[in-house]
Amino acid sequence: MSHYLDSVRHNLRLDLSSEREVITELETHIEDRFQELREAGLSEEEAAKNCEKLLGSTKLVARQIYEAHSQGTWGQTLLASMPHLLFALLFALNWWQGIGWLLVMLGLVLATVIYGWCHGKPTWLFPWLGYSLLPVVTAGLFLLFLPKGWSWLAILIYIPLALLLLYAIIVQTIKRDWLYSSVMLFPLPIIIGWFLAIESGERFPELSMQRLNDFAPWIGLSFLALALAVAMFIRLRKRWLKVAVLLISGLLTLGMVAYYTKGMLGLPAFLVLILVMLGLFLTPALVERKIRRGDQRVSDAKGSHCN
Amino acid sequence: MAQRRELMTGSTASLLLCLIGYQPMYGYQIIKELEKRSQGYFNLKEGTLYPALHRLERAGLIQGKWQVLPSGQQRKYYHLTDKGLSILVEKRSQWQDFLTAMNLIIQPAST
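Draft legend 1. Main features of the overall build of chain A. In terms of regular secondary structure, chain A is built from 14 helices and zero strands. Its helices and strands in sequence order give chain A the pattern α-α-α-α-α-α-α-α-α-α-α-α-α-α, from N to C terminus. Taken over 307 residues, chain A has a buried fraction of 31%. Long-range contacts, defined as pairs at least 24 residues apart, comprise 64% of the intrachain contacts of chain A with a sequence gap of at least 6.

So, in structure tokens, the structure goes:
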């Protein structure tokens, strides 16, 4: 029966405390039912088989319990959309020009992420987590501006550390639910798209301030679109609908970037960004599958060792 | 059997609220009580029960409280909230009206 409960646990995809409660409740139920069947005269094996049959498919049970819990409250929806809304405001009101606002945003993102990470990784944390990875990426880019020789040395040391940090965060997120990893990485192709459209000149990365100024309202609009997409994601119950919303809104927002940049973002770059978006979307699902297969092999090995 | 399942799907929430309305109950107890009170007519599957209970809890109609038994086992007892009670009253009235209307159609006309 522990195998049955493990299977339910793997498919639940709830936060840790909810998961523990659900599993404990099912475990107690199974124990009561098992005892009833044993008292009725069934052998241990028959009773266990009957229990599993009565409970039904682990995937179905887990999915239905997940759907009962999957819809976030309006408060959680607002919290989850908040980073996108704040960035939308940052650009729509031209606050990006003030370093103070940028530092305030960075501080707010990091504080929220630390709080959420230490308090059970709630659903609303993951959009914030995505933005907290931006300084890691940006710091790497700015290392290129160090004096000759030093920049490449710094990058050689920095890149493995940065990749290790990103990998650790992404894997932890995938273990919670691969969809949250997709939500976390969701704005990345949009941000890269804007960066490519704004970047000018032969030397990387020279930003055209004039272009950034011109595109600022549309950048704000694209972040607003991300906020709406995340809000729908949080409020929807069914998993396949959540997947559809992320995919469709991501592609539409990329289309918005291509349209409003009026050709600055070339077709090849646009297509590459679509592939990046699909990759960022699907890779967490594949990684999760691999992690689960690994966990399953370890669990089976432990089971056969005990036998 | 398929028709019975169809009827059950729409009535599960009402049945659970009714039972929990009598006294706080845990999952296994709900299944046994449902079977007993309906004289075997309602046979709710465990896989259906817990998602339904969790939906009702998330909707604020019932609230679960854990109790630790002397054996060390933990049981989650569900009880009705005020919101659940008002919904239950409403549902009872709806069912009464529905049954009255059904009986008028199903029962042969008295001669």
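Draft legend 2. Looking closely at the overall build of chain B. Within chain B, the secondary structure is distributed over four helices and two strands. In chain B, buried positions account for 23% of the 111 residues. Considering only intrachain contacts with a sequence separation of at least 6, the fraction spanning at least 24 residues in chain B is 44%.

Draft legend 3. Quick peek at the packing of helix H6 (residues 99-118) of chain A against helix H7 (residues 125-132) of chain A. Residue and element names in this part refer to chain A. Close contact between H6 and H7 brings their axes to 9 Å; oriented N to C, the two are set at 130 degrees. The orientation of H6 relative to H7 falls into the category oblique. As H6 packs across H7, the resulting crossing turns out to be left-handed. Of the residues in H7, those in contact with Val109, Leu110, Thr112, Val113, Gly116 and Trp117 of H6 are Leu125, Trp128, Leu129, Tyr131 and Ser132. Looking at the contact of H6 with H7 residue by residue, the class counts come to eight nonpolar, three polar and no charged.

Draft legend 4. Quick peek at helix H4 (residues 58-70) of chain A. Spanning 13 residues, H4(A) covers 17 Å between terminal C-alpha atoms, matching the ideal 18 Å at 1.5 Å per step. Along H4(A), the positions that sit buried rather than exposed are Thr58(A), Val61(A), Ala62(A), Ile65(A), Tyr66(A), Ala68(A), His69(A) and Ser70(A). In this fold, the buried residues of H4(A) make contact with helix H1 (2-12), helix H2 (16-39) and helix H3 (44-55) of chain A together with helix H3 (46-58) of chain B.

Draft legend 5. Structural context of the interface of chain B and chain A. Every contact between the two is made by 14 residues of chain B and, on the other side, 17 residues of chain A. Among the secondary structure elements, those contributing two or more residues to the side of chain B that touches chain A are helix H2 (27-37), H3 and strand E2 (74-80) of chain B. Sort the elements by how many residues they give to the side of chain B that touches chain A and H3(B) lands first, with seven residues. Partitioning the side of chain B that touches chain A into residue classes produces three nonpolar, five polar and six charged.

Draft legend 6. Representation of the domain arrangement of chain A in the model. Residue and element names in this part refer to chain A. Domain annotation of chain A identifies domain 1 (2-67) and domain 2 (71-291). On the domain 2 side, the residues contacting the five residues of domain 1 number six residues. Looking at the side of domain 1 that touches domain 2 residue by residue, the classes come out as one nonpolar, one polar and three charged.

Draft legend 7. Structural detail: the nonpolar core. By size, the foremost hydrophobic cluster in this structure holds 48 residues, and its most contacted members are Val183(A) and Val230(A). Examining the composition of this core, we find that eleven residues originate from one element, helix H12 (residues 209-235) of chain A, more than from any other. With sequence-adjacent residues up to four places away left out, Val183(A) is seen in contact with Phe126(A), Pro127(A), Val230(A), Phe233(A) and Leu246(A). In this structure, Ile30(A), Ala47(A), Ile65(A) and Leu61(B) belong to the second largest nonpolar core, which totals 31 residues.

Draft legend 8. How the structure looks around the packing of helix H11 (residues 188-198) of chain A against H12(A). All names here are of chain A. Axis separation between H11 and H12 bottoms out at 11 Å; the angle between their running directions is 170 degrees. In this view, H11 runs roughly antiparallel relative to H12, as classed from their interaxial angle. You can see that H11 and H12 cross each other, and the crossing is right-handed. Along its contact with H11, which presents Ile190, Trp194, Ala197 and Ile198, the element H12 presents Arg211, Leu212, Phe215, Ile219, Ser222 and Leu226. Here the residues of the contact of H11 with H12 are counted per class, giving eight nonpolar, one polar and one charged.

Draft legend 9. Structural detail: the environment of Gly279(A). Within the element layout of this structure, Gly279(A) appears in helix H14 (residues 267-306). Here the alpha-carbon distance between Gly279(A) and Ser182(A), two residues 97 residues apart in the chain, equals 9.7 Å.

Draft legend 10. Spatial organisation of the pairing of E2(B). In terms of strand pairing, strand E1 (residues 62-68) of chain B meets E2(B) through seven bridges, oriented antiparallel. Counted as the bridge partner of Gln63(B) is His79(B) from E2(B).

Draft legend 11. Structural view of the environment of Gly263(A). Tracing the chain through its elements places Gly263(A) in the loop between helix H13 (239-260) and H14. Remark: the alpha-carbon pair of Gly263(A) and Ala197(A), spanning 66 residues in sequence, is separated by 8.3 Å.

Draft legend 12. View of the confidence of the model for chain A. The predicted model of chain A has a mean per-residue pLDDT of 85, with 92% of residues at 70 or higher. Of all secondary-structure elements in chain A, the lowest mean pLDDT belongs to helix H8 (residues 134-142) of chain A, at 73, while helix H5 (residues 74-92) of chain A reaches the highest, 93.

Draft legend 13. Structural context of the environment of Lys65(B). Residues and elements named next belong to chain B. Summarising the element assignment, Lys65 is placed in strand E1. For Lys65, a count of 11 C-beta atoms within 10 Å translates into the label exposed. Sequence-wise, Lys65 and Cys18 are 47 residues apart; in three dimensions their C-alpha atoms are separated by 18 Å.

Draft legend 14. Main features of unusual backbone geometry. All names here are of chain A. Unlike most non-glycine residues, Asn94 shows phi in positive territory, near 60 degrees. Mapped onto the elements of the fold, Asn94 is located in the loop between H5 and H6. A count of 15 C-beta atoms within 10 Å places Asn94 in the partly exposed class.

Draft legend 15. Highlighting the confidence of the model for chain B. Across chain B, pLDDT averages 88, with 88% of residues at or above 70. Predicted as a complex, the structure gets a pTM of 0.81 and an ipTM equal to 0.86.

Scoring rules and cut-offs
- Residues numbered from 1 in each chain as written.
- Chains lettered and ligands numbered in written order.
- Predicted model: local features only at pLDDT ≥ 70, side-chain atom pairs only at ≥ 80, totals over all residues.
- Helix = DSSP H or I, 4+ residues; strand = E, 2+ residues; numbered from the N terminus.
- Buried ≥ 20, exposed ≤ 12 C-beta atoms within 10 Å, placed from the backbone.
- Contact = placed C-beta atoms within 7 Å.
- Axes fitted to C-alpha atoms, helices over the stretch in contact; angles between N-to-C directions.
- Parallel < 35°, antiparallel > 145°, perpendicular 65-115°, else oblique.
- Left-handed = near helix turned anticlockwise from the far one by under 90°.
- Nonpolar A, V, L, I, M, F, W, Y, C, P; charged D, E, K, R; others polar.
- Expected span 1.5 Å × (residues − 1).
- Domains from an automatic or database assignment.
- Core = buried A, V, L, I, M, F, W, Y, C linked by C-beta atoms within 7 Å.
- Pairing = 2+ DSSP bridges.
- pLDDT = per-residue confidence, 0-100.

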